[in-house]
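Observations on the model geometry
Each chain, letter by letter, is given below.
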Amino acid sequence: MENLYKIPKHVAIIMDGNGRWAKRRGLPRIFGHRKGAEAVEKAIDFAHKVGIEWLTVFAFSTENWERPKEEVNAIMSLLVEYINKKIPELLERNIRLRFLGRTQELSEKIQSTIKKGEEITKNCTGMNLVVALNYSGRAEIIDAVRKIISQDVKRIDENTFPEYLYIPEMPDPDLLIRTSGEKRISNFLLWELAYTELYFTEVLWPDFDEEEFKNALLDYQSRERRFGKILEG
Ligand code: FPP
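All values reported here derive from a predicted model rather than from experimental measurement.

Here we take up the site of the ligand. Near the ligand lie 16 residues; those nearest to it are Met 15, Gly 19, Arg 20, Arg 29 and Arg 67. Backbone polar atom of Asn 18 to an oxygen atom of the ligand: 3.1 Å apart, as the coordinates give it. Within the backbone of Gly 19, an N or O atom sits 3.0 Å from an oxygen atom of the ligand. Burial of the ligand by the protein amounts to 92% of the accessible area it has alone, namely 620 Å². Listed by contribution, the elements that provide at least two residues to the shell around the ligand are helix 1 (18-24), helix 2 (29-50) and helix 3 (69-92). Examining the composition of the shell around the ligand, we find that four residues originate from one element, helix 2, more than from any other. Residue composition of the shell around the ligand, by class: six nonpolar, six polar and four charged.

And the structure:
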């Protein structure tokens, strides 16, 4: 692809604005989520095409349970439908599907779908697609601390702490994209985002397409990452 020489290894996305997208059209919110699922497919295609190794999408936060039961159920059904539909295609394209969050608290049906998706794609090496589900950044840190205590680990530092996070081998995101004009982290990947470049766009998630993704990458490429150091020369 033209001008895309510095490809981030890991891109994380807060997919926001499905509800507003639907409301503007006088449609029920779930239509926005359905359209949002189509935008996820486009994002996967693009990320795969340009060689992004890890793509993480925030599908459902621990706070999202506060939404009306109808909407929660609709999102969950959509996720099960989507995962089942996507598995053969991910396998064919060598994409490994993984989940991030307190998935053990989800319904049996969702848990078995998740396990199936992870199991079938576990040997895929082309790209990692991480779906954050029932996820909270603070909960992830607390769960890591609990693991450390239960394993009676005596010494811990910034380098070894990530070994206790949900996916220890997941690299920190290089770029975080949030759609719909909100400029917040909203309890997403709190440990992992320490040095991540942040990109906010007004575009609502269902309208986020290849062109928008490309704009986010071009913006990322124009930045100089110093990780707190002063660059020479
Ligand atoms: C944010 O929009 C979106 C969500 C909380 C749900 C995300 C779910 C999907 C995109 C569906 C499919 C996901 C996958 C991985 C297939 P919002 O409802 O908060 O929008 P609003 O801020 O306009 O109300």
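Our focus in this paragraph is the pattern of salt bridges. Here the structure, examined in full by the defined rule, presents 21 salt bridges. Residues Asp 16 and Arg 178 are paired through a salt bridge, measuring 2.9 Å at the closest nitrogen-oxygen approach. Of the two residues, Asp 16 is situated in the loop between strand 1 (10-14) and helix 1 and Arg 178 in strand 5 (residues 175-178); the sequence distance between them amounts to 162 residues. A single burial state applies to Asp 16 and to Arg 178, both of which are buried. Salt-bridge contacts for Arg 93 lead to Glu 89; the nearest nitrogen and oxygen are separated by 3.0 Å.

Right, let's get into the side chain of Thr 56. Looking at where Thr 56 falls in the secondary structure, it is placed in strand 2 (residues 54-61). In this structure Thr 56 comes out as buried when scored by relative accessible area, which is 0%.

How each quantity is defined
- Residues numbered from 1 in each chain as written.
- Predicted model: local features only at pLDDT ≥ 70, side-chain atom pairs only at ≥ 80, totals over all residues.
- Heavy atoms only, no water.
- Near = heavy atom within 4 Å.
- Polar contact = N/O pair within 3.5 Å; in protein donor to acceptor, adjacent residues only side chain to side chain.
- Areas by Shrake-Rupley, 256 points an atom, 1.4 Å probe, with all protein chains shown as cover.
- Helix = DSSP H or I, 4+ residues; strand = E, 2+ residues; numbered from the N terminus.
- Nonpolar A, V, L, I, M, F, W, Y, C, P; charged D, E, K, R; others polar.
- Salt bridge = Lys/Arg side-chain N within 4 Å of Asp/Glu carboxyl O.
- Buried < 20%, exposed > 50% of the residue type's maximum accessible area, 1.4 Å probe, protein only.

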